[in-house]
Amino acid sequence: MTKETRKKITKWFWILITIPVLFVLFMILLVWMFADIPSFKELENPENNLATQIIAQDGETMATFHIENRTYVTYEEISPNLVHAAVATEDARFYKHSGIDFKGLARVLFKTILLRRSNQGGGSTITQQLAKTLYPRMEIGRKVPGIYHMKMVWIKLKEWITAVKLERDYTKDEIMTMYLNSIFFGSNAYGVRSAAETFFGKHPSDLTVEESAMLVGMVNKPTRYNPALNPDKALVRRNFVIGQMEKAGYIDKAQRDSIREIPITLNYEIQDHNAGRAPYFRDMIRRVMTAKKPRRSDYKVREDYTADSLAWANDELYGWLEKNTKTDGTPYDLDRDGLRIYTTINYKMQKYAEEAVAERIKELQADFMKDLKYKTNAPFSNDIDQATRDRLMNQARRWSDRWRLLKKDGLSDSQIQKTFSVPVKMRIFAYNSKGYIDTTMTPDDSIKYYKSMLRTAFVAMEPGTGHVKAYVGGPNYRYFKYDNVRQGKRQVGSTIKPFLYTLAMQEGMTPCDKVVDLPQTFEIPGGTTWTPRSTDSEKWIGKTVTLKWGLTNSSNNISAYLMKQFGPEAMADMMRRMGIQSHIDEVPALCVGPADISLWEMVAAYNTFPSRGVFVSPLFVTRIEDSQGNVISEFANRKREAIGENTAYLMVNLMEGVVQGGTASRLRYRYNLMGEIAGKTGTTNDNSDGWFIGYTPTLVAGVWTGAEDRQIHFQSGTLGQGANMSLPTWGIFMKKVLADGTLGITANDKFIAPAGVVDGLGCTGSDDEVSEQQSQIEDYYFE
């Protein structure tokens, strides 16, 4: 080769090398000068869809509102195992480069592209991967030759510049934190916190080596290496990451080999809108915060409009999203703005409440399914006529998604009606290990099936403060969205009687005052009469009993006697003073509980007794912060004296008799609950609704149970009474609370008697006591 030829080759070599380099540098300059590069603020706060967190009293996140289920964590909240796994697998020179790893790029060029070794990995650093999240890949132009690639080159250059800016302005720990918070892990898990909760049910700070390797292994292909979907592939990938951690020096060979032998163990639950702790509570918060200003035309019942209007005027949380805006004037978005909603819910109590509801409703449903076998037109009661059954079924069809979608497609009512008789494959709720059954049935049969599922609700509050401690609106949120705590209103039965007895105590009567147990007849306008059905054994009719005996045994005769003394208007006024806002018919029958009232209202009203006569409006949110921790709003509740402190204590004494030897006595002999407990059971006509509301000096809680329709119920009063349908849930919950030992609630808690309250508390309300008193009366008159 001549010297001249060698010079030409050298010249062209440098031309070929230099021109692309200069071109790249020129392009970088153009991008730097003219492209829309994010600012420092945008880099630190990218426009991610941040989940709003609902936070329990102890700081635990119970649930979220989200489009993308993403919650940020700090570097200190991330397990070092996770950081090590990410560095070893995704960017071994993370702590050495300044955003772009040119050595890694050279490796990709020569080994991956030229030698076609696909196992050499990509050339993007962790910083570049973080920058990539700011520039989504475009689909536009993919079909036009050259356009897509030109756009990709432009985006890639922007990513490089952004990576350099990130490295210049943030520490490695900050970059790692932003990176781990930005990754999509599949299964609706955005960011490492959501991923740790979804796959392992734990906080990212608690992740082990093998769990960290599992998550990092999913980064590039979250579906392919999802351990819940592809466990074999996931195991291979996890063990590869563990091997990389050994190569990087984070673990030794012995640890690598032993950890690789550990099987994949998941606590897998997709964190969608049906998952998480307290889903009914979360849904209730959304309804309250998104409420619009009430309009009278939207309400059928005047009292409901009045209640919501007062809430709009006096409750800052009600309609919060309508009343508050960001500093720039735009509205807040629960699903995207990463708000932190701090609540009064106690995480442990919420857990115990959900467990108690699940345990009891499963047992009760088994009994109810047996009961249905004796019904001619199951699930409806045998006394329900054809017209009523047809009305309820037609109503359910028209409320269904199937009807709505077919109507949208243009089908006529008759055409849609026919589809409800055609068997189709479907998944239905079931009390089994999976929580569902895949089966084939007609839509009509599925309606009847779901109508046969009993519903229930539970809520607990703290006396004095009104703080809501636990909230369960139904048996299973995924399949039963309706909130039976606040949305549902059902007949309250005998749980209404304490309001009447409260009126009697306020007017000067005492628990030990004596009356004769006789049926009472009321004259009704129009010339008719009404006599409440006696619930007392014949042996007590005509006998002298105490008021405490009357409430202990839930006697309709004694309640009717008190109604005659004071009248329905005075009783209704007392109920309103104690916080009942629902419509109340001021009629004599009010004494036996025909009013439709929510469990929420009833428990809040009963809370007046252990709160020493003060009605405390329930409080369930204490403050709201933005995503940076700045307080936006703080909340407090309202208190007012509803009844006298002496009256409240007399009612405690009366209602303790119900638990000690009355309709709620199984709390003692079956659930072995000790200490001071007061409460009242309730059962409505035909056993359609079962209630129990009970309280201790430090906690009040209530339970309602029944079917979706009142025409569906137990035939037997033994099974359908509140003492069987609802009281057991309360008993199971309270046993868990007392056994915990860390909640500040013990069997040694005492109701505090006001000074001077001693008269009228010497009776027990027991049958033996009444029998002895009756014997003394007879001896006096006939000796």
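Note that the coordinates shown come from a computational prediction; the quantities given were computed from them, not determined experimentally. (Residues numbered from 1 in each chain as written. Predicted model: local features only at pLDDT ≥ 70, side-chain atom pairs only at ≥ 80, totals over all residues. Heavy atoms only, no water.)

### Looking at the overall build of the protein
Then, in step 1: A tally of regular secondary structure across the protein gives 30 helices and 20 strands.
Then, in step 2: Burial analysis of the protein (783 residues in total) assigns 51% to the buried set.
Then, in step 3: Long-range pairs, those at least 24 residues apart, make up 69% of the contacts in the protein between residues at least 6 apart in sequence.
Then, in step 4: Looking at the protein as shown, the accessible area adds up to about 37,400 Å², and 52% of this sits on carbon and sulfur atoms. (Helix = DSSP H or I, 4+ residues; strand = E, 2+ residues; numbered from the N terminus. Buried < 20%, exposed > 50% of the residue type's maximum accessible area, 1.4 Å probe, protein only. Contact = heavy atoms within 4.5 Å. Areas by Shrake-Rupley, 256 points an atom, 1.4 Å probe, with all protein chains shown as cover.)

### Description of the sheet that holds strand S18 (residues 678–683)
Then, in step 1: If you walk across this open sheet you meet the five strands as S7-S6-S20-S19-S18, and the pairing is antiparallel. Lying at the two open borders of the sheet, with one neighbouring strand each, are strand S7 (468–472) and S18. Here the strands of the sheet are splayed against their neighbours by 5 degrees on average, with no regard to which way each runs. (Pairing = 2+ DSSP bridges. Axes fitted to C-alpha atoms, helices over the stretch in contact; angles between N-to-C directions.)

### What to know about the side chain of Thr-705
Then, in step 1: Within the fold, Thr-705 resides in strand S20 (residues 699–706).
Then, in step 2: Of the polar contacts made by the side chain of Thr-705, one reaches the side chain of Thr-456; its length is 3.1 Å.
Then, in step 3: A polar atom in the side chain of Thr-705 sits 3.0 Å from the side chain of Ser-726.
Then, in step 4: Excluding residues that lie within four positions of it along the chain, Thr-705 makes contacts with Ile-361, Leu-364, Arg-455, Thr-456, Ser-688, Asp-689, Gly-690, Met-725 and Ser-726. (Polar contact = N/O pair within 3.5 Å; in protein donor to acceptor, adjacent residues only side chain to side chain.)

### Quick look at the nonpolar core
Then, in step 1: Among the nonpolar cores identified, the biggest contains 130 residues, and Phe-281, Phe-458, Tyr-471, Phe-499, Phe-620 and Phe-733 are the most heavily contacted of them.
Then, in step 2: It is helix H25 (residues 645–661) that contributes the most residues to this core, nine residues altogether.
Then, in step 3: Among the nonpolar cores identified, the runner-up in size contains 42 residues, and Ile-78, Phe-94, Leu-166 and Met-218 belong to it. (Core = buried A, V, L, I, M, F, W, Y, C linked by side-chain atoms within 4.5 Å.)

### Some details on the pattern of salt bridges
Then, in step 1: Taken as a whole and assessed by the stated rule, the structure comprises 34 salt bridges.
Then, in step 2: A salt bridge links Asp-689 to Arg-490; the nearest nitrogen and oxygen atoms lie 2.8 Å apart. With Asp-689 in strand S19 (residues 689–696) and Arg-490 in strand S8 (residues 490–491), this residue pair connects regions lying 199 residues apart in the sequence.
Then, in step 3: For Asp-689, a relative accessible area of 1% translates into the label buried.
Then, in step 4: What you see here is one network of salt bridges that share partners, running through Lys-451, Arg-455, Glu-708 and Asp-709. (Salt bridge = Lys/Arg side-chain N within 4 Å of Asp/Glu carboxyl O.)

### Quick look at the packing of aromatic side chains
Then, in step 1: Applying the stated rule across the entire model yields 26 aromatic pairs.
Then, in step 2: For the pair Phe-429 and Phe-480, a centre-to-centre distance of 5.2 Å together with 80 degrees between the ring planes defines the contact as edge-to-face. Pair noted here: Phe-429 is in strand S4 (residues 424–429) and Phe-480 is in the loop between S7 and S8, with a separation of 51 residues, a long-range link. Grouping residues by exposure puts Phe-429 and Phe-480 together as buried.
Then, in step 3: Aromatic side chains Tyr-449 and Tyr-450 sit 5.6 Å apart centroid to centroid with 80 degrees between the ring planes, which places their arrangement in the edge-to-face category. Here Tyr-449 and Tyr-450 have matching classes, each one buried. (Phe/Tyr/Trp six-rings, centres within 6.5 Å; stacked < 30°, edge-to-face > 60°.)

### A few points about the side chain of Thr-696
Then, in step 1: Its location among the elements puts Thr-696 in strand S19.
Then, in step 2: If near-sequence neighbours (up to four positions away) are discounted, Thr-696 is found in contact with Pro-463, Pro-610, Glu-676, Ile-677, Trp-730, Met-734 and Phe-751.

### Considering the sheet that holds strand S15 (residues 621–625)
Then, in step 1: Strand order in this open sheet of five strands is S2-S1-S3-S15-S16, and the pairing throughout is mixed. A strand with exactly one partner marks an edge of an open sheet, and here the two such strands are strand S2 (61–65) and strand S16 (631–634). Taking each pair of neighbouring strands and ignoring which way they run, the sheet shows an average axis angle of 20 degrees.
Then, in step 2: Examined bridge by bridge, strand S3 (residues 340–343) and S15 share four bridges and lie antiparallel to one another. Across the sheet, residue Ile-341 finds its bridge partner in S15, namely Ile-624.
Then, in step 3: Of the strands in this sheet, strand S1 (52–55), S2, S3 and S15 are in contact with helix H12 (residues 279–289), which crosses S2 at around 50 degrees.

### What to know about the state of the cysteines
Then, in step 1: By the definition in use, this model includes one disulfide.
Then, in step 2: Each sulfur in the disulfide pair Cys-512 and Cys-763 lies 2.1 Å from the other. Residues Cys-512 and Cys-763 are joined through a disulfide that is left-handed, its torsion about the S-S bond being -100 degrees. Of this pair, Cys-512 sits in the loop between helix H20 (497–506) and strand S9 (514–516) while Cys-763 sits in the loop between helix H29 (727–740) and helix H30 (767–782), placing them 251 residues apart in sequence.
Then, in step 3: On the basis of relative accessible area, Cys-512 is assigned to the buried category, the value being 18%. (Disulfide = S-S within 2.5 Å.)

### Points about the packing of helix H9 (residues 209–217) against helix H10 (residues 231–247)
Then, in step 1: One way to put it is that H9 packs onto H10 with a least axis distance of 8 Å and a crossing angle of 110 degrees. As judged from the angle between their axes, H9 and H10 are roughly perpendicular. For H9 against H10, the interelement crossing comes out right-handed. From H9, Val-209, Glu-210, Ala-213, Met-214, Val-216 and Gly-217 reach across to H10, where they touch Ala-234, Arg-237, Arg-238, Val-241, Ile-242 and Met-245.
Then, in step 2: Grouping the amino acids of the contact of H9 with H10 by side-chain chemistry returns eight nonpolar, one polar and three charged. (Parallel < 35°, antiparallel > 145°, perpendicular 65-115°, else oblique. Left-handed = near helix turned anticlockwise from the far one by under 90°. Nonpolar A, V, L, I, M, F, W, Y, C, P; charged D, E, K, R; others polar.)

### Observations regarding the environment of Glu-359
Then, in step 1: Checked against the element boundaries, Glu-359 lands in helix H15 (residues 347–372).
Then, in step 2: The sequence separation of Glu-359 and Pro-475 amounts to 116 residues, and the corresponding C-alpha distance is 9.9 Å.

### Some thoughts on the pairing of S2
Then, in step 1: With five of five residues buried, S2 is to be regarded as a mostly interior element.
Then, in step 2: Bridging between S1 and S2 involves four bridges; their strand directions are antiparallel. Paired with Gln-53 across the two strands is Thr-64, which belongs to S2.
Then, in step 3: Where S1 folds back on S2, the antiparallel hairpin that results is connected by five residues, among which Gly-59 adopts a positive phi of roughly 95 degrees.

### Quick notes on H25
Then, in step 1: With 17 residues, H25 extends 25 Å between its outermost C-alpha atoms, agreeing within 8% with the 24 Å of an ideal straight helix rising 1.5 Å per residue.
Then, in step 2: Burial within H25 is extensive, with 12 of its 17 residues counted as buried.
Then, in step 3: Regarding H25, the residues found buried are Thr-647, Ala-648, Tyr-649, Leu-650, Met-651, Val-652, Asn-653, Leu-654, Met-655, Gly-657, Val-658 and Val-659.
Then, in step 4: At its buried positions, H25 is contacted by H20, helix H21 (547–552), helix H24 (599–606), helix H26 (666–669), S18 and S19. (Expected span 1.5 Å × (residues − 1).)

### Let's talk about unusual backbone geometry
Then, in step 1: Along the chain, Ala-378 connects to Pro-379 via a cis peptide bond; the corresponding omega equals 10 degrees.
Then, in step 2: Here the phi dihedral of Asn-672 falls at roughly 55 degrees; this positive angle occurs in a residue that is not glycine.
Then, in step 3: Here Asn-672 lies in the loop between H26 and S18.

### Brief notes about helix H3 (residues 80–90)
Then, in step 1: In terms of burial, H3 is largely enclosed, as eight of its 11 residues are buried.
Then, in step 2: All of the buried residues in H3 are Leu-82, Val-83, Ala-85, Ala-86, Val-87, Ala-88, Thr-89 and Glu-90.
Then, in step 3: Contacts made by the buried residues of H3 are with helix H5 (126–132), helix H7 (172–182), helix H8 (192–200), H9 and H10.

### A look at the confidence of the model for the protein
Then, in step 1: Chain-level pLDDT for the protein is 88 on average; 86% of the residues reach the 70-or-more range.
Then, in step 2: Here residues 777–783 is modelled with pLDDT under 50, and outside its nearest four sequence neighbours on either side it reaches two contacts, counting other chains as well. (pLDDT = per-residue confidence, 0-100.)

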